[in-house]
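For reference, the chains in residue letters:
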Amino acid sequence: MVCKVCGQKAQVELRSRGFSLCKEHYLEWFVKETERAIRRHRMLQPGERVLVAVSGGKDSLALWDVLWRLGYKAVGLHLQLGIGAYSERSLQVTQAFAQERGLELWVVDLRQAYGFGVPELAELSGRVACSACGLSKRYVINQVAVEGGFRVVATGHNLDDEVAVLFGNLLNPQEDALVRQGPVLPEKPGLAARVKPFFRFSEREVLSYTLLRGIRYLHEECPNAKGAKSLLYKEALNLVEREMPGAKLRFLEGFLDRIQPRLQGAEEVQLRECERCGYPTTGAVCSFCRMWDAVYRRAKKRRLLPEEAEFQPQAPVVRL
């Protein structure tokens with residue numbers, strides 16, 4: 001196995017792409033491919049200020065690293081979710097990464113902002129932890145982006161993430177979700193654009209970049225992820241990929257290029273301002289405010305909060 005560029009011993013075999021690369025040329029290829037995806041899909045303007053959602057895992061830290069190397073003004077946003085020692089380790093890894101590179105990091109602590117972390121939020125809301133957590137993350141990340149003056153938020157979603165979501169949305173047909181799936185969600189009033197520069201990289205390819213670059217990341221999965229359907233979908237798709245290298249990428253690009261355009265004629269959901277927070281929603285009050293209002297009511301009944309406590313949608317940001 002030799003590097004297709006220099007002929008020296010290769011360190012990464014890219015079976016789905018039909019070539020192998022040494023460390024030097026793999027790192028170079030990975031950064032250039034990210035830049036190509038950004039340009040092709042018009043994700044970012046050269047040197048643009050971008051908010052990067054950073055968990056402490058390999059994908060988000062690798063993305064922050066690449067955007068920094070490409071010259072973007074990349075500011076990291078980390079959400080402290082209150083999931084015990086896991087959240088503490090996530091923050092420590094993220095802080096270390098930022099300090100080593102002199103990058104700006106913003107932190108929102110869910111428990112400090114609203115009184116409860118994800119475990120209590122799930123119990124009080126009646127939602128499964130991933131649902132309550134996901135809703136909170138989407139809202140807070142967008143809120144910080146809009147109020148921080150960012151046009152766009154970048155996330156580290158990779159090919160495995162994208163095909164698992166697509167597979168799930170096809171198994172349980174959700175036309176609105178299928179229309180929105182892709183590497184770019186354009187900005188709208190009150191909604192920052194969302195981009196996924198790694199959407200064509202497999203999880204293994206991102207991991208290879210992270211290891212070869214020497215990026216220290218949190219290896220453990222979130223304890224709440226156990227039993228998630230997305231993991232089952234990934235396992236099934238990995239079996240297909242093992243027998244048919246490149247199947248995942250063909251599946252995603254085939255959908256985006258040939259099928260999704262036919263869905264674009266679907267009537268767009270009309271958005272209005274939430275009566276509680278002013279951010280876009282389809283109803284009178286957005287899902288985030290409804291969830292947290294219900295949590296506060298139940299918490300006061302259990303005397304976990306004083307009777308006068310009221311939910312405030314604004315999340316305080318700590319800049320490190």
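Residues numbered from 1 in each chain as written. Predicted model: local features only at pLDDT ≥ 70, side-chain atom pairs only at ≥ 80, totals over all residues. Heavy atoms only, no water.

**Brief notes about the packing of aromatic side chains**
Each pair of aromatic rings is reported with the distance of its centres and the angle of its planes. Per the counting criterion, the structure on display carries 22 aromatic pairs. Each ring, one from Trp292 and one from Tyr296, has its centre 6.4 Å from the other, and the planes form 65°; the classification is edge-to-face. Placement of the pair is Trp292 and Tyr296 together in helix α12 (residues 287–301), with a separation of four residues, close to one helical turn. With a relative accessible area of 0%, Trp292 lands in the buried category. Using a relative accessible area of 9% as the deciding quantity, one classes Tyr296 as buried. When the ring of Tyr296 is compared with that of Phe311, the centres are 5.9 Å apart and the planes differ by 65°; the resulting orientation is edge-to-face. In this pair, Tyr296 sits in helix α12 while Phe311 sits in the loop between α12 and β11 (318–319), placing the two residues 15 residues apart along the sequence. Taken as a pair, Tyr296 and Phe311 share a single burial class, namely buried. (Phe/Tyr/Trp six-rings, centres within 6.5 Å; stacked < 30°, edge-to-face > 60°. Helix = DSSP H or I, 4+ residues; strand = E, 2+ residues; numbered from the N terminus. Buried < 20%, exposed > 50% of the residue type's maximum accessible area, 1.4 Å probe, protein only.)

**Some remarks on the packing of helix α5 (residues 118–125) against α12**
Across the interface, α5 lies against α12 with an axial gap of 9 Å and an inter-helix angle of 85°. In terms of orientation, α5 and α12 fall into the roughly perpendicular class. Facing α5, whose interface residues are Leu121, Leu124 and Ser125, α12 presents Met291, Trp292, Val295, Arg298 and Ala299. Class assignment of the residues belonging to the contact of α5 with α12 gives a composition of six nonpolar, one polar and one charged. (Axes fitted to C-alpha atoms, helices over the stretch in contact; angles between N-to-C directions. Parallel < 35°, antiparallel > 145°, perpendicular 65-115°, else oblique. Contact = heavy atoms within 4.5 Å. Nonpolar A, V, L, I, M, F, W, Y, C, P; charged D, E, K, R; others polar.)

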